[in-house]
Amino acid sequence: MRLRSGVFASSCLMVEALGVALFLRGFFPVPVRSLPRREARGDPPAEPAPPGPGMVSNWTKIPPPLFKKVVIVLIDALRDDFVFGSKGKQFMPYTRQVVEKGTSYSFIAEAKPPTVTMPRIKALMTGSIPGFIDVVVNLNSPALLEDNLIWQAKTAGKRIIFYGDDTWVKLFPKHFVEYDGTTSFFVSDFTEVDDNVTRHLDRVLKREDWDLLILHYLGLDHIGHVTGPNSPLVGPKLREMDNIVKKIHISLLLKEEASLRNLLVVCGDHGMSETGSHGGSTEGEVHTPLLFISSAFEKRSGPLTKPEVVQQTDLASTLAVGLGLPISRNSVGNLILPVVGGKTMREQLRFVHLNGFQLSRLLQENTAAYEKDPGYEHFKTAEKSHGNWIKLYLEGNNSEILLNLGKKVLKQYLEALRILSSSLSKQVAQYDMYSMMVGTVIIMEVLLLLLLSVPKALSSRAEFEVLLSPPLFSLLFYLMCLTLCAVHVIVCTSVQSLCYFCSMSWLTAVGVMMLISALMCIILSAIAKMFENSRLPMKNPVVSSSSWSEIDVLILAGTIGHVLSLGASSYIEEEHQTWYFLINTLCLVLCQELCRNNFLLKECDPQQSTTVKQNFDSIGEASASRNIDIPVAGNSKLGKATSSAEFIKGSDKWISLASPWIILICCRLLRSLNQTGVQWAHRPDFGHWLISSEHKSELSFLAAVSLLMVFFLVQRRCSMVSKIAMALGLLGVYSYRAAIGNVIFPWQHDSKDISKGITEARFVYVFVLGIVFTGTKDLLKSQVISSVSSVKRTGLWEVYSGLVLLAALLFRPHNLPVLVFCLLIQTMITKYIWRPLKFDAAQITIMHYWFGQAFFYFQGNSNGIATVDVSAGFVGLESYVEIPAIFLTAFATYAGPLLWAIHLLCYLSSEVSRLKDQLSSVARYSTGLNCSQVGNCDL
């Protein structure tokens, strides 16, 4: 069966989508969930029944609240060292004084990845652990429907006021009696976003008509995104937050009652990395301070010790107890015992029993064999001991035995809570391995099939022969189907946890098994046919294209090796090392190929070289007078060698030989610019040295030189109008960076006049749109009006130039050399390597892909969302506009792969056009030569 390359590629993509969907369904596990929210409020459990007849505890209700009013001050991206480190001592003196000598308890709250705002708010208010799928909905948060602290408080009649990040308003609609939301995505705003929160404080703190006040400050997070954690702007912002904490604390102290005290909670939703971003799992991103400040606590004394580490999910359980509310049904957090440590032993045991009962019930609803869980067994043991303690308490025993037994029961409860919480948290990370394996097998089979057909599939007129009949009617196909169906039955009947693929209908599962078997048989048939063709006698042993070169072997081995490396998480975290190794190896192989074509092949078979040279001498002489470059026909290695020997002469030959080494040096310099990955991301690099405030002059000089280099590398193929637009646009890029304080002009001695650079950025956008519009117009003209290939080439290049100008605007100043080296490598590798060596389209495409992936990591990106530069999405915007912000952020993140992909289109288009022009010139010359020999042609 023969299929056109387009139909074949579309079929492969559809099957690939099925495999990816199965894999993702297994990779994103179903979170631990309990009853729906409307069924969450039930009767609380009573105290454990004491043994013996006639003795019953009368405590069957939820304990009363411990605090009258609770204020939560959530400072976005507040790292633990901003309070407990040197910055806290310098910029937050009042908070440090309360932590060291006041009535407070301080902890380090550990957040689970992904460390972005919306999942962290869900964790704080529900006590559950959100999954990575929540990152997808972080930009547009839907209403939270599961049981949570805010809903419980509203249902209990608590009056809640909120000011700050409007993510809360989206998650909890109609829950606040008063609110004022501010957008969290306009990261260029450092002051107004916090002033909009603080302006309500004086009025609200004087009022008595609220029970819970939540304040979410975003300024520190925005400063981190734009300038990093070591920015001089961080100190004043921390001082501002310290003054707010002081104002709230003093106001609560002045208005509290002796019977029921107030509580101030200071925390962060996540921290920030050394680059100011967040989303990953580094220590700076997951560790945040958690402070409980209340006059109900004992005054601290002695030196400050390192705070205890608790889980961020513990806050939901603790606040529920403090407000006299039921603990959220989906919470996996533990009660932070010191907060209730001032209560009686019976009250403390009641609190931890409620927490343990809630966790054990959640375990029952999510685990089939819950009775065998160690945490459940520990809880039942502690509950039994608790019943014995209740018996002694009701009998009026007030001896030390009762106190010691109470401490023992409390310790048992805490151990049970720890194990239960750990068991439930692990379920969130339990992947559906069977669905993932089935999806991976489908993906690998399709990739292997595409790899076998790449040389033909890249041609628009190519046809690919799919061997359907022999595999589908072979014994191997039916044996594989039966084997896979048997494996499916065994797995689905023996697995204890829920499996998505096993929940499908048997007809669907059998269809998937038949698809896997058919793909495997087709692959084996294709490989067998390749080996069969390789054993056939060659028609022309002198000029043969069937043997594989070192480039082909490297491309195949590198592609397969990279795919296999994705099976290990450590290789995914450090994937940049794989791409660095591959492009370095590619440069060495290209160097070997150039040396062979320039030195070795000239001496290996002079007779063949002379024969081929004579065949092209007559055409070459004629074309030389017309400045026509004639390509060698065919794909043979001899043709490539001959063309290299003919075309590379003089100084170009030595530049060509030096090009791979120059590219290697450029790549090594780029590696030292930005550390990425996980293990070594914290190490200092040249980029960190440049962005420090002490080296602004050096950064300014580097940015100016980089922008000049960008202009000289891009303008050579642009029209005069586009050249002028490019020059003015690059000048606007530098002006924008100077306006926001990243760089300085030579005549500028300070950076007092810092603005948002709205005008300068929009000035650049005008030229970007103008250049892209000019290129698009030429492309449409080449398709509709004129068929001249040069018009199409110019149009593609001008679109490419416009995107380069946009990348220069969005890149941070220290990353501009990445753009320069990208253009330089593209220029050198095109002129001095690809064209002389005459690589085919498949080889050129894969090399573009490799370099594009490498430049993705040269930018400082990684496979973690912490390295996404959110500030790029707000360049030139006065407020948050969703579609432009998403587009600009995505373009800035994937600029490297995108620029290499568009350069591939430019290169292939220029090569096709050049080949057509040369062939038409050869045809005209041959016609003229025949006519002159015959002597009667009409010219």
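Nothing here was measured: the structure is a model prediction, and the numbers come from that model. (Residues numbered from 1 in each chain as written. Predicted model: local features only at pLDDT ≥ 70, side-chain atom pairs only at ≥ 80, totals over all residues. Heavy atoms only, no water.)

**Observations concerning the side chain of Thr 95**
Link 1 in the chain: Within the secondary structure, Thr 95 sits in helix α4 (residues 93-101).
Link 2 in the chain: Taking relative accessible area as the criterion, Thr 95 reaches 3% and is therefore assigned buried.
Link 3 in the chain: Ignoring sequence-local partners within four residues, the contact set of Thr 95 consists of Val 83, Asp 242, Val 245 and Leu 291. (Helix = DSSP H or I, 4+ residues; strand = E, 2+ residues; numbered from the N terminus. Buried < 20%, exposed > 50% of the residue type's maximum accessible area, 1.4 Å probe, protein only. Contact = heavy atoms within 4.5 Å.)

**Focus on the packing of helix α30 (residues 720-739) against helix α31 (residues 758-784)**
Link 1 in the chain: In contact at an axis separation of 8 Å, α30 and α31 are set at 155° when each is read in the N-to-C sense. With respect to α31, the axis of α30 lies roughly antiparallel. Considering how the two elements wind past one another, α30 and α31 form a crossing that is left-handed. Counting all contacts with α30, which are made through Ser 722, Ala 725, Met 726, Leu 728, Gly 729, Gly 732, Val 733, Ser 735, Tyr 736 and Ala 739, the residues of α31 involved are Glu 760, Ala 761, Phe 763, Val 764, Phe 767, Ile 771 and Thr 774. (Axes fitted to C-alpha atoms, helices over the stretch in contact; angles between N-to-C directions. Parallel < 35°, antiparallel > 145°, perpendicular 65-115°, else oblique. Left-handed = near helix turned anticlockwise from the far one by under 90°.)

**Examining the side chain of Ser 659**
Link 1 in the chain: Mapped onto the secondary structure, Ser 659 falls in helix α27 (residues 651-671).
Link 2 in the chain: If we ignore the near neighbours within four places in the chain, the residues touching Ser 659 are Met 828, Tyr 832 and Ile 833.

**Brief notes about the sheet that holds strand β4 (residues 160-165)**
One key point about sheets: their strands pair by backbone hydrogen bonds, in either a parallel or an antiparallel sense.
Link 1 in the chain: What the 8 strands build is an open sheet, ordered β5-β4-β6-β2-β7-β8-β3-β9; its pairing is mixed. Taken across any chain shown, the strands that pair with only one partner, and hence form the sheet edges, are β5 (178-182) and β9 (308-311). Neighbour-to-neighbour, the strand axes of this sheet turn through a mean angle of 20°, independent of strand direction.
Link 2 in the chain: Bridging between strand β3 (residues 104-110) and strand β8 (residues 287-293) involves 7 bridges; their strand directions are antiparallel. What sits directly across from Ala 109, in β8, is Thr 288. (Pairing = 2+ DSSP bridges.)

**Let's talk about the packing of helix α10 (residues 219-227) against helix α11 (residues 234-255)**
Link 1 in the chain: Their axes nearest at 10 Å, the elements α10 and α11 cross at an angle of 170°. Comparing the axis directions of α10 and α11 gives the class roughly antiparallel. Residue-level inspection shows Gly 219, Leu 220 and Ile 223 of α10 in contact with α11, the latter providing Val 234, Lys 237 and Leu 238.
Link 2 in the chain: When its residues are assigned to classes, the contact of α10 with α11 shows 4 nonpolar, 1 polar and 1 charged. (Nonpolar A, V, L, I, M, F, W, Y, C, P; charged D, E, K, R; others polar.)

**Topic: helix α34 (residues 841-858)**
What sets the pattern is the α-helix's 3.6 residues per turn: residues three or four places apart point alike.
Link 1 in the chain: End to end, α34 covers 25 Å across 18 residues, agreeing with the expected 26 Å (1.5 Å per residue, within 8%).
Link 2 in the chain: N-capping of α34 is provided by Asp 840, with a side-chain oxygen placed 3.2 Å from the backbone N of Ala 842. (Expected span 1.5 Å × (residues − 1). Polar contact = N/O pair within 3.5 Å; in protein donor to acceptor, adjacent residues only side chain to side chain.)

**Quick word on the environment of Glu 274**
Link 1 in the chain: Tracing the chain through its elements places Glu 274 in the loop between β7 (261-267) and α12 (283-286).
Link 2 in the chain: Spatially, the C-alpha atoms of Glu 274 and Arg 683 are 9.4 Å apart, while their sequence positions differ by 409 residues.
Link 3 in the chain: Sequence-distant contacts of Glu 274, defined by excluding residues within four places in its chain, comprise Arg 79, Pro 229, Asn 230 and His 688.

**Digging into the pattern of salt bridges**
Link 1 in the chain: Scanning all chains against the criterion turns up 20 salt bridges.
Link 2 in the chain: As a salt-bridge pair, Glu 100 and Arg 96 come within 2.9 Å of each other at their nearest N and O atoms. Within this pair, Glu 100 and its partner Arg 96 are both found in helix α4, separated by 4 residues, close to a single helical turn.
Link 3 in the chain: A residue is classified by how much of its surface remains accessible, and Glu 100, at 23% relative accessible area, is partly exposed. (Salt bridge = Lys/Arg side-chain N within 4 Å of Asp/Glu carboxyl O.)

**Here's the deal with the pairing of β8**
Successive residues of a regular strand alternate their side chains across the two faces of the sheet.
Link 1 in the chain: Among the 7 residues in β8, 7 count as buried, and that is most of the element.
Link 2 in the chain: Burial of β8 is two-sided: the residues His 287, Pro 289, Leu 291 and Ile 293 facing one way and the residues Thr 288, Leu 290 and Phe 292 facing the other way are all buried.
Link 3 in the chain: With 4 bridges joining them, β7 and β8 adopt antiparallel strand pairing. Within β8, the position partnered with Val 266 by the bridge is Leu 291.

**With respect to unusual backbone geometry**
For residues that are not glycine, phi is negative in most cases, and the peptide bond is trans in most cases.
Link 1 in the chain: The amide bond that connects Pro 113 to the next residue, Pro 114, takes the cis arrangement and shows omega of 5°.
Link 2 in the chain: For Lys 174, which is not glycine, the phi dihedral falls at a positive 65°.
Link 3 in the chain: Here Lys 174 lies in the loop between α7 (167-171) and β5.
Link 4 in the chain: A relative accessible area of 80% places Lys 174 in the exposed class.
Link 5 in the chain: A positive phi is found at Lys 838, a non-glycine position, where the angle reads about 55°.
Link 6 in the chain: With respect to the helices, strands and loops of the structure, Lys 838 is situated in the loop between α33 (816-837) and α34.
Link 7 in the chain: Looking at Lys 838, the relative accessible area reads 21%, which means it is partly exposed.

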